[in-house]
Amino acid sequence: MTTPDLKRILLVEDEPDIQEVARLAMEAVGGFSVEICSSGSEALKKAPVFAPDLIILDVMMPEMDGPDTLRALREVPGIASIPVIFMTAKAQPQELRRYKEMGILDVVSKPFDPMTLSTTISDIWRHYHASS
Amino acid sequence: MPHPNSPEEQLEALRQTYASQLSAKLRLIEETSEKLFKDSGDKEALKKLHYLAHSLAGSGATFGFSSLSRTGSALESFVSDIIENKLTITGEHTAGINNLLDELRKASDKSEKIIYSKQGKDTFPEKADSRPIFIVDDDVDIAQAIASQLISFGYTVQIFTDIAGLEKAMPHTEPAAIIMDIIFPEGEFAGTDVISQIRLHHKTRVPVIFVSVHDDMEARLRAVRADSDGYFVKPVDIYDLIDILAILTNPKDTEPYRILIVEDEPELAKFYSLILEQAGIITSIVTEPLTVMQNMVKFDPDLILMDLYMPDCSGMELARIIRQIPEYISLPIVFLSIERNLDKKLTAMGYGGDDFLTKPIQPVHLISAVTTRVERARALKNLMIRDSMTGLLNHSNILENLDREVSLAKRKTGKLAFAMLDIDNFKDVNDAYGHLTGDLVLKSLARLLQDRLRKTDLIGRYGGEEFAIILLDTDGACAEKILRELKDSLSQIRYQSGGAEFSITFSCGLAAFPAYEDPEKLILAADKALYKAKHAGRDRIILAE
């Protein structure tokens, strides 16, 4: 059973610094095709068009946070089943548990190492497909 | 040399941009804090401050400012504590925030090299503890002072200014240790009371160190009754505190006990095993006494639980055989038997047993007899093989280990790397800051090595300021990478001594097996490489070709 390729990643992150370094980490280092949204509402519009294999959601965003964005994405047919990874600077065990219960693949913590972020994401992707 | 516009170069450019924008970010945090101080009911300002701190925590290290991430995280926890518990902002909160802002400014001034944390699926398995230390004190200045020292040693810290905050966090978190004041607005002994409560309900035992202005018997007694691991009178000597923390949070000492059960009746053996395993002890069963030796080698027990009367070979005979082997002279052996005859029991002890338990045995007695013996045996063993100041393996022990691991590597045609690490200009540190600080630096480096290296790596103190590391199942390139990250970690640490701050570096020589095929060649090559490193400018790692 081979793992399907991970090619297109949609990143939802409001901070411009993180947007740039994450793009670098995933495009230049990881070779993925990356689309960036600055908010949950933008993600709802762009996701159906970009059709990513994976969505990375920052947890703490103004207006619509990560979990709310996830819930909204799940309401839209066509993108509801795209796997999601959360990204957060705060990873208390009870929060992690809550996120896992929402059915996401994993949580990536900030601050991340730009040189190894893409490896972490690939590992999570492979792990997810191996167990399904 | 990375070529132009390689990811590394692009990253460097992003880092420079981030660095140039840092003062604007800090100004924004300061302005938001001012708003909050002017009107402590300003919820918007509070939320914004939280968001800004969170942002720094999550970005700092990515762009080369590790302390910024850690301090940002401390500020974020501090503010989040206020928000979640709907606290009114007092003068102390203000002081706390100001202190953290100071730290943020300092952290942003120093552009540091990058250090990371491994995420999720690790490249380096089994890293040691990065759980936070909780500091609980309603006196914010004291909490901050301790926190900033701990942070500069590389610890992660979370501050609580009231008991409610701690109580809320405990059911969900696993701190590495709690540093707890005793007097709180709730009462003279509220600190010890709340810890006693927590001990009753919390699933694991968290180390707790009490700090207090109280120095009287009642306070100390209450602390003991709350099962404390340490007690310091304020003002706290940070050196002593860190020493104790290092011992309490040392991952090697918290490895589960391993008990070998030698009992010819399988049902009984299973019964003992179940009791012990429920107490978190790892067991292995031998029902044929004559096979005990190969089992011991494989299982490496801390203690043997042995039936006295068995066919083929009695417990006493087996104990004598085991004691013939120098390595097992002090391995604790506890006999089990229905034997009630005191003389026979004493004879059994004379044959090499350490204790005698009479069947039928109460589970709680079994567990306590076994655990006290194992603890004592481990402490004794450590005395023999470890350097007392740093807790690392001592010189002769690390060499013995090298011999053993090289033989093992040869047999399995495996790989292994040997590193010799020497602190640069250590004499200058002692001269400038005193020997007490010098010792602290050694202990802190020892702790860093244990934290950042893997559980399988063997770390020893080779000489005064020299360390030796055996990296199992690792090739030269990988070892070099690991050590480089260690070097970067070290460069993040700012030691403090009497108001001054300094940092240290090390030079390192590395040699790998099988390129160097025996222990002597490995040591010689690593030593030569270390010499090269020192003479090439220090603060570097050289792999012997």
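Definitions and limits used
- Residue positions are counted from 1 within each chain, in the order its sequence is given.
- Ligands are numbered from 1 and chains lettered from A, in the order in which they are written.
- Thresholds applied to this predicted model are a pLDDT of at least 70 for local features of residues and 80 or more for the giving and counting of side-chain atom pairs; totals over whole chains, interfaces and linings are not thresholded and use all residues.
- Calculated side-chain values reflect all of the structure's heavy atoms, with hydrogen atoms and water omitted.
- We call a set of buried Ala, Val, Leu, Ile, Met, Phe, Trp, Tyr and Cys residues a nonpolar core when their side-chain atoms join them within 4.5 Å.
- For every residue, the accessible area (1.4 Å probe, protein chains only) is compared with the maximum for its type, and the residue is labelled buried under 20%, exposed over 50%, or partly exposed between those bounds.
- Secondary structure elements are taken from DSSP: a helix is a run of H or I of four residues or more, a strand is a run of E of two residues or more, and numbering for both begins at the N terminus.
- Note on contacts: a residue pair is in contact if any heavy atoms of the two residues lie within 4.5 Å.
- The rule is short: rings of Phe, Tyr and Trp, with Trp giving its six-membered ring, pair when the centres are within 6.5 Å, and they are stacked under 30 degrees, edge-to-face over 60, tilted in between.
- Any Lys NZ or Arg CZ that is within 6 Å of a ring centre and within 35 degrees of that ring's normal is treated as a charge sitting over the ring.
- All axes here are fitted lines through C-alpha atoms, helices being fitted over the stretch that makes contact, and every angle between N-to-C directions spans 0 to 180 degrees.
- Roughly parallel covers angles under 35 degrees, roughly antiparallel covers those over 145, roughly perpendicular covers 65 to 115, and oblique covers all other angles.
- Left-handed is the label given to a crossing in which the near helix is rotated counterclockwise from the far helix by less than a right angle, and right-handed is the label when the rotation is clockwise.
- Helices are assigned an expected span. That span is 1.5 Å times one less than the residue count.
- Should a side-chain nitrogen of Lys or Arg be within 4 Å of a carboxyl oxygen of Asp or Glu, the pair is scored as a salt bridge.
- Within 3.5 Å is the distance limit for a polar contact, defined as a pair of N or O atoms, with the added protein rule that one can donate a hydrogen and the other accept it, and that residues adjacent in sequence qualify only through two side-chain atoms.
- The residue classification treats Ala, Val, Leu, Ile, Met, Phe, Trp, Tyr, Cys and Pro as nonpolar and Asp, Glu, Lys and Arg as charged. All others, Gly included, are polar.
- The quantity known as pLDDT measures the predictor's confidence residue by residue, on a range of 0 to 100.

Some points on the nonpolar core
Phase 1: The biggest cluster of nonpolar side chains holds 73 residues, and the ones touching the most others in it are A:Met26, A:Leu54, A:Ile56, A:Ile121, B:Ile133, B:Leu150 and B:Ile179.
Phase 2: The biggest single contributor to this core is helix H1 (residues 7-38) of chain B, with seven residues.
Phase 3: Setting aside anything within four residues of it in sequence, one finds A:Ile121 in contact with A:Leu6, A:Ile9, A:Met26, A:Leu54, A:Ile56 and A:Ile85.

Here's the deal with the packing of aromatic side chains
Describing an aromatic ring pair means giving the distance of the ring centres and the angle of the ring planes.
Phase 1: For the structure on display, the rule yields eight aromatic pairs over all chains.
Phase 2: Here A:Trp125 and A:Tyr128 contribute two aromatic rings whose centre-to-centre distance is 6.5 Å and whose plane-to-plane angle is 55°, an arrangement assigned as tilted. One end of the pair, A:Trp125, and the other, A:Tyr128, are both in helix H5 (residues 117-130), three residues apart, so they sit about a helical turn from each other.
Phase 3: Geometrically, the ring pair formed by B:Phe134 and B:Phe160 is edge-to-face, given 4.8 Å between the ring centres and 65° between the ring planes. One end of the pair, B:Phe134, is in strand S1 (residues 133-136); the other, B:Phe160, is in strand S2 (residues 157-160), with 26 residues separating them in the sequence. The burial state of B:Phe134 is the same as that of B:Phe160; both residues are buried.
Phase 4: Clustering of aromatic rings is evident, with ring pairs tying together B:Tyr18, B:Phe63 and B:Phe65.
Phase 5: Here the basic side chain of A:Arg8 rests over the ring of A:Phe50, its NZ or CZ set 4.4 Å away from the ring centre.
Phase 6: The ring of B:Phe299 has B:Arg258 lying over it, and the distance from NZ or CZ to the ring centre is 4.6 Å.

Quick notes on the packing of helix H10 (residues 266-278) of chain B against helix H14 (residues 363-385) of chain B
Residues and elements named next belong to chain B.
Phase 1: As a packed pair, H10 and H14 sit with axes 10 Å apart at the nearest point and diverge in direction by 70°. As the angle between them shows, H10 and H14 are arranged roughly perpendicular. Considering only the axes of H10 and H14, their crossing is right-handed. Contact residues: H10 offers Tyr272, Ile275 and Leu276, while H14 offers Pro363, Leu366, Ile367 and Val370.

Re the side chain of B:Ser33
Phase 1: Here B:Ser33 is to be found in helix H1.
Phase 2: A relative accessible area of 0% means that B:Ser33 is categorised as buried.

Some words on H5(A)
Phase 1: Compared with the 20 Å implied by 1.5 Å per residue over 14 residues, the 20 Å span of H5(A) between its first and last C-alpha is a close match.
Phase 2: Tucked inside the fold, the buried residues of H5(A) contact strand S1 (8-12), helix H1 (16-29), strand S3 (54-58), strand S4 (84-88) and strand S5 (106-109) of chain A.

Observations regarding the pattern of salt bridges
Phase 1: Under the defined criterion, the tally for this structure stands at 33 salt bridges over all chains.
Phase 2: Between A:Lys7 and A:Asp5 there is a salt bridge; the shortest N-O distance is 3.9 Å. The exposure classification of A:Lys7 matches that of A:Asp5, with both residues exposed.
Phase 3: Between B:Asp302 and B:Arg378 there is a salt bridge whose closest N-O contact spans 3.0 Å. Within this pair, whereas B:Asp302 is found in the loop between helix H11 (292-299) and strand S8 (303-307), its partner B:Arg378 is found in helix H14, the two being separated by 76 residues in sequence.
Phase 4: When its relative accessible area of 16% is taken as the criterion, B:Asp302 is described as buried.
Phase 5: Ionic contacts of the salt-bridge type, sharing partners, join the residues B:Arg199, B:Arg205, B:Asp227 and B:Asp229 into one network.

Observations regarding the interface of chain B and chain A
One widely used convention gives an interface's size as the accessible area the parts lose upon coming together.
Phase 1: Across the contact, 30 residues belong to chain B and 31 residues belong to chain A.
Phase 2: Our count for the chain B to chain A interface comes out at one salt bridge.
Phase 3: At the boundary of chain B and chain A, one finds four residue pairs in polar contact (both at pLDDT 80 or more).
Phase 4: Within the residue set of the side of chain B that touches chain A, elements represented by two or more residues are H1, helix H2 (43-59) and helix H3 (66-84) of chain B.
Phase 5: Ranked by residue count, the leading element in the side of chain B that touches chain A is H1(B), at nine residues.
Phase 6: Across the side of chain B that touches chain A, the residue classes tally to nine nonpolar, 15 polar and six charged.

Some points on the confidence of the model for chain B
Phase 1: Chain-level statistics for chain B give a pLDDT mean of 84 and a share of 94% at 70 or above.
Phase 2: Per-residue pLDDT, averaged within each element of chain B, yields its smallest value for strand S14 (residues 495-497) of chain B (74) and its largest for strand S11 (residues 416-423) of chain B (96).

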